[in-house]
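Reading the structure
Okay, here's what each chain looks like letter by letter:
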Amino acid sequence: MKAVVLGKGKSGKAAAELLEKKGYRVILYDDKEPTELPDFPDLVVKSPGIPSYHSVVVSYKKKGIEVIGEIELAYRYSKGKIISITGTNGKSTTTALIYQVLKEAGYKTFIGGNFGIPFSSFAEETTDDSITVLELSSFQIEDLKDFRSSVSIILNITPDHMNRYKSFEEYVKAKLKLLKHSEFCILNQDDPVLRNLNRENFFFFSRKGKADAFFEKGKIFCKDLKIEVELLPLKGVHNVENYMGALLALKKLKLSNEKILNGFKTFYGLPHRTELVTEINGIKFINDSKSTNVDSLKKALESYENIILIAGGSDKGLDFSSLQKLVRERVKGIVAIGETAEQFKKTFSDIVDVRISDTIFQAVKTAYKLASSGDVVLLSPGCASFDMFKNFEDRGEKFKEAVKLLEEKVAG
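Scope of this entry: the structure provided in the associated data block. (Residues numbered from 1 in each chain as written. Predicted model: local features only at pLDDT ≥ 70, side-chain atom pairs only at ≥ 80, totals over all residues. Heavy atoms only, no water.)

**Quick look at the packing of helix H4 (residues 91–104) against helix H8 (residues 257–265)**
Helix packing geometry: the angle between the two helix axes and the distance between the axes. Relative orientation of the contacting elements H4 and H8 amounts to 120 degrees, with a least axis distance of 8 Å. Relative to H8, the element H4 is oriented oblique. For the crossing formed where H4 meets H8, the hand is right-handed. Packed against H4, whose contacting residues are Leu 97, Gln 100, Val 101 and Glu 104, the element H8 presents Lys 259, Ile 260, Asn 262, Gly 263 and Phe 264 at the interface. (Axes fitted to C-alpha atoms, helices over the stretch in contact; angles between N-to-C directions. Helix = DSSP H or I, 4+ residues; strand = E, 2+ residues; numbered from the N terminus. Parallel < 35°, antiparallel > 145°, perpendicular 65-115°, else oblique. Left-handed = near helix turned anticlockwise from the far one by under 90°. Contact = heavy atoms within 4.5 Å.)

Here you go:
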């Protein structure tokens, strides 16, 4: 048997290894290489970064050859229950939160997908009584066929990846495809795209009104459970939504209130998501490098006041003008970086002082000069990182490095 794997990243390599174990002769293909591909392989597996309109993908489909994604491949060799989490923002945190609760509760559990661990790398280790928690991107959901989740969560859908999709509607369609592959679905009632979806197996959470799980006067309510948000480690309005989505999913798995609360209280979040780096002369430095779109930047701005914002990066075709009111209310100054620096200056210079910096080190120094005691210097780029950094993790680490150098200089 012959198989072609499109893409040499983590998921491509993991898919190739799994296929080889199953007796396939595998050709790993990168579209930057002039590799000769077999005319009629038995199976083609594409990495999520390769779009369905790629010429090689289209060619194979026209020949009637099955083309699937790495998640679909792994699913075919996996066992046990699956929880799938998607959304424009918050999916990594919610994935890790659910995994932590299950792990603390004593379940045999796995974590992966868009989280950075290919499903194919551990699919064969799953068992009938294990639970796999998968973060899924829209790119991964596009390629699902037989895949099935016991519970799926869609946290939110706002514009993103407009450099890949022809329209927001096309992006929405990719996300909502997950609903067809799920036994139970947990949805955000406050999201305009999701609020009007209604089926028997749909359950909703809300920060703004009554729902299956809802937020009111500093507490999360869900049937027989009441949680004081102030007692939970993760802060910010976006994390209230993450908690509620996770809570409903865990309830569907019939976890006890005690086990859910214990897991919530032992999870302190992931790096680069509204992470407090340090405080210098009363100025807090927050690393939210994971912010790669308009909505994630919006959630960060809603979580703080008196902000000196460091924003900008790779241009994904996003429009930031919807944030003008929020910037006027909460932001004292902006330091713009990367390809979109001029866009930030054009969009917000009539509202606040906007400076442009060539490096993250220069940006941190400039932000510190603009800030006063009680202010927050917030790195929340609202853009991808690939113009200046390897990825958002690299951007966050460079920011922390710059803050540390500043702290040493100030201490002096």
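The rest of the description comes next.
**Things to note about helix H1 (residues 10–21)**
When the terminal C-alpha atoms of H1 are compared, their 17 Å separation across 12 residues agrees well with the 16 Å that a helix rising 1.5 Å per residue should span. Ser 11, Gly 12, Ala 14, Ala 15, Ala 16, Leu 18 and Leu 19 are the residues of H1 that are buried. The inward-facing, buried residues of H1 abut strand S1 (2–6), strand S2 (25–29), strand S3 (43–46) and helix H3 (70–76). One or two residues past the end of H1 sits Gly 23, with phi positive at roughly 95 degrees. (Expected span 1.5 Å × (residues − 1). Buried < 20%, exposed > 50% of the residue type's maximum accessible area, 1.4 Å probe, protein only.)

**Quick notes on the packing of aromatic side chains**
Evaluation of the coordinates by the stated rule reveals 12 aromatic pairs. With 5.4 Å between their ring centres and 45 degrees between their planes, Phe 119 and Phe 122 make a pair best called tilted. By relative accessible area, which is 0% here, Phe 119 ends up buried. Given the relative accessible area of 6%, Phe 122 is considered buried. Taken together, the ring pairs in this structure connect Phe 139, Tyr 165, Phe 168 and Tyr 171 into an aromatic cluster. Taking NZ or CZ as reference, Lys 63 lies 5.5 Å from the ring centre of Phe 40, over its face. (Phe/Tyr/Trp six-rings, centres within 6.5 Å; stacked < 30°, edge-to-face > 60°. Lys NZ or Arg CZ within 6 Å of the ring centre and 35° of its normal.)

**Looking at the side chain of Ser 314**
The residue Ser 314 is located in the loop between strand S16 (307–311) and helix H10 (324–330) in this model. Separated by 2.9 Å, the side chain of Ser 314 and the backbone nitrogen of Asp 387 make a polar contact. (Polar contact = N/O pair within 3.5 Å; in protein donor to acceptor, adjacent residues only side chain to side chain.)

**With respect to the sheet that holds strand S13 (residues 225–228)**
Spatially, the nine strands line up as an open sheet ordered S6-S7-S5-S8-S9-S10-S11-S12-S13, and their pairing is mixed. Two strands lie at the open edges of the sheet, namely strand S6 (109–113) and S13, each paired on one side alone. Ignoring strand direction, the axes of neighbouring strands in this sheet form an average angle of 15 degrees. Pairing of S6 with strand S7 (residues 131–135), which is carried by five bridges, proceeds in the parallel orientation. Paired with Gly 113 across the bridge in S7 is Glu 135. Packing against the sheet, H4 makes contact with strand S5 (81–86), S6, S7 and strand S8 (149–154), and its axis sits at approximately 165 degrees to S7. (Pairing = 2+ DSSP bridges.)

Limitation: the analysis is restricted to geometry and does not speak to function.
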